[in-house]
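This is what each chain is made of:
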Amino acid sequence: MSDQVTSADLWESIDRLHMWLDANRARDGADGLLLRVLKLSEEVGEVAQAVIGATGQNPRKGASHSWQDVQAELCDVVITALVALRTLTPQAREVFTAHLEGVRARSLGSSAE
């Protein structure tokens, strides 16, 4: 059995996280949706904090993070975005795949494989 996560595993995990969050949310309706999307801003801020820490740009804190911390925070952004997309549509996988294909074609053209 492979240790690699497949696309199906990824989307199953996103669905499970979505269900878990829905079962434990403090706000319903439009407020809940907006808060889930706003969570992305929080996660992006954590990426920025980790980059500043990895480069030692804050003289008060020095090198407070590693590049592995930056990687982890970027993963959190991706997961949060996919869960937010799943919150907007049950067809998140199809929406994402179609959008990725459009970006790939637009950016890489027909030479992309």
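Before reading further, recall that the structure is shown in the block above.
This is a predicted model, so every value here is computed, not measured.

Draft legend 1. Focus on the side chain of R86. As for its placement among the helices and strands, R86 is situated in helix α3 (residues 67–88). Among all residues touching R86, those that are not within four sequence positions of it are I14, D15, H18 and A92.

Draft legend 2. Spatial organisation of helix α4 (residues 92–108). End to end, α4 covers 23 Å across 17 residues, agreeing with the expected 24 Å (1.5 Å per residue, within 8%). One or two steps after α4, the chain reaches G109, where phi turns positive at roughly 65 degrees.

Draft legend 3. Region of the structure containing the environment of R36. Inspection of the secondary structure puts R36 in helix α2 (residues 29–55). Note on R36: relative accessible area 11%, which makes it buried. Here the alpha-carbon distance between R36 and L82, two residues 46 residues apart in the chain, equals 11 Å. Setting aside its immediate chain neighbours within four residues, R36 contacts H18, L21, D22, R25, V83, A84 and T87.

Thresholds, definitions, all that
- Throughout, residues of each chain are indexed from 1 in the direction in which the sequence is written.
- Thresholds applied to this predicted model are a pLDDT of at least 70 for local features of residues and 80 or more for the giving and counting of side-chain atom pairs; totals over whole chains, interfaces and linings are not thresholded and use all residues.
- Heavy atoms from the whole structure form the basis of all side-chain values; hydrogens and water molecules are not counted.
- Note on conventions: DSSP H or I runs of at least 4 residues are helices, E runs of at least 2 residues are strands, and numbering of each starts at the N terminus.
- The contact definition used throughout considers only heavy atoms, calling two residues in contact when any of these lie within 4.5 Å.
- To estimate the expected span of a helix, count its residues, drop one, and scale the result by 1.5 Å.
- With a 1.4 Å probe rolled over the protein chains alone, any residue whose accessible area is under 20% of its type maximum counts as buried; one over 50% counts as exposed, and the rest are partly exposed.

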